[in-house]
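# Breakdown of the fold
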Amino acid sequence: MSDVQKVQVGEVQLAYRVWGEEDAPPAVLLHCLGEDGEDWRGVVGRLAGTHRVYALDQRGHGLSDWPGEYGFARWRDDAIGFLQALGLERVALIGHSLGAVAALLLAADRPELVDRLVLEEVPPPVPADPPQEVPEQPDGPQPFDWHAKAAVVAERNAPDPAWWDAPAKVTAPTLVIGGGSSHIPQDHLAGLAERIPDARLVTVEGAGHLVHEERPGEFLAAVTSFLAP
């Protein structure tokens, strides 16, 4: 695995790992709730064959700072700051679940930074039905700040309208990946793909929510062909 590096972005220090040739086009990976950059270990080897791959520990996760303040807009802004701090432009931005929402909001707000966008099992901007509740924090140390879980539940129950408006503002070609049987309604993924001006939907049936972990070969086949020049 790549050594962990850190960069200061605003008030937080963010950890990241990097693979691939320095002069290769950049790809930035944003993980889901409760994971960190190591979550992509099963797919980075292939991606690093064509890209300079950066896997970020988002705030409240892994080796990045755990400031206690979270939300999709904060994760979006952290990712923007990360790109700026490292001087990255026109990146392939790949997000899963929480990370996919951050990636979607980033691509909508700062389209000049994103060359290609991949959204894996992105939650829909509609109130959760029934409303979600924050489970009690398990005993013992956790790999992420439980306050991040509470923030995600709150925003899933009462989404920011900006989340709903974002798809129409995305200018980058976009690949939406669904796992078929998942807690994310697949019809919502289809609707999202329709609202993004240049998007296609790929469904990996039977993969569930963790497509890149459960079906790395099919995930990579879709993503690498999408990112090919």
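Predicted model only: the values in this text are computed from it and were never measured.

What follows concerns the sheet that holds strand S6 (residues 114-120). If you trace the eight strands from one edge of the open sheet to the other, you get S1-S2-S4-S3-S5-S6-S7-S8, paired in mixed fashion. With one partner strand each, in any of the chains shown, strand S1 (4-9) and strand S8 (199-203) form the two edges of the open sheet. Between one strand and the next, the sheet's axes are offset by a mean angle of 25 degrees, whatever the strand orientation. In the sheet, strand S2 (residues 12-19) pairs with strand S4 (residues 52-56) via four bridges, with the strands oriented antiparallel. Residue pairing across strands places tryptophan 19 opposite valine 53, the latter belonging to S4.

What follows covers the packing of aromatic side chains. Summed over all chains, the structure comprises eight aromatic pairs. Members of the aromatic cluster, connected to one another through ring pairs, are Tyr70, Phe72, Trp75 and Trp163. Its end group placed over the ring of phenylalanine 226, arginine 116 keeps NZ or CZ at 5.7 Å from the ring centre. One cation-aromatic arrangement involves arginine 195 over tryptophan 164; the distance from NZ or CZ to the ring centre is 4.2 Å.

The next thing to look at is the UniProt feature "domain: AB hydrolase-1" (unreviewed entry) in the protein chain. The UniProt entry lists residues 28-221 under the feature "domain: AB hydrolase-1" (unreviewed entry), expressed in the numbering used here. Note that residues 28-221 is 38% helix and 16% strand, and that its end C-alpha atoms are spaced 18 Å apart.

This part is about the pattern of salt bridges. Taken as a whole, this structure holds 10 salt bridges when the rule is applied. Where arginine 90 meets aspartate 115, a salt bridge forms, and the shortest distance between an N and an O atom there is 3.5 Å. On the criterion of sequence distance, the pair formed by arginine 90 in the loop between helix H2 (72-85) and strand S5 (91-96) and aspartate 115 in strand S6 is long-range, its members being 25 residues apart. The salt bridge involving arginine 215 is made with glutamate 218; its shortest N-O contact spans 3.2 Å. Judged by relative accessible area, which is 42%, glutamate 218 ranks as partly exposed. Through salt bridges with shared partners, a single ionic network connects Glu11, Arg59 and Asp78.

For the rest of this paragraph, the subject is the pairing of S5. The buried fraction of S5 is high, at six of six residues. Judged by which residues are buried, S5 turns out to be covered on both faces: Val91, Leu93 and Gly95 on one side and Ala92, Ile94 and His96 on the other are all buried. Direction of pairing for strand S3 (residues 26-30) relative to S5: parallel, over a ladder of four bridges. Counterpart to leucine 30 in the pairing with S5 is glycine 95. Note: S5 against S6, six bridges, orientation parallel.

Relative to each other, H2 and helix H3 (residues 98-109) sit at 65 degrees, their axes nearing to 8 Å. For the pair H2 and H3, the crossing hand works out as right-handed. Where H2 abuts H3, its residues Phe72, Ala73, Trp75, Arg76, Ala79, Ile80 and Leu83 lie against Leu98, Val101, Ala102, Leu105, Leu106 and Asp109. Here the residues of the contact of H2 with H3 sort into 11 nonpolar, no polar and two charged.

Calculation notes
- Residues numbered from 1 in each chain as written.
- Predicted model: local features only at pLDDT ≥ 70, side-chain atom pairs only at ≥ 80, totals over all residues.
- Heavy atoms only, no water.
- Pairing = 2+ DSSP bridges.
- Helix = DSSP H or I, 4+ residues; strand = E, 2+ residues; numbered from the N terminus.
- Axes fitted to C-alpha atoms, helices over the stretch in contact; angles between N-to-C directions.
- Phe/Tyr/Trp six-rings, centres within 6.5 Å; stacked < 30°, edge-to-face > 60°.
- Lys NZ or Arg CZ within 6 Å of the ring centre and 35° of its normal.
- UniProt positions renumbered as here; feature names shortened; annotations may be inferred.
- Salt bridge = Lys/Arg side-chain N within 4 Å of Asp/Glu carboxyl O.
- Buried < 20%, exposed > 50% of the residue type's maximum accessible area, 1.4 Å probe, protein only.
- Left-handed = near helix turned anticlockwise from the far one by under 90°.
- Contact = heavy atoms within 4.5 Å.
- Nonpolar A, V, L, I, M, F, W, Y, C, P; charged D, E, K, R; others polar.

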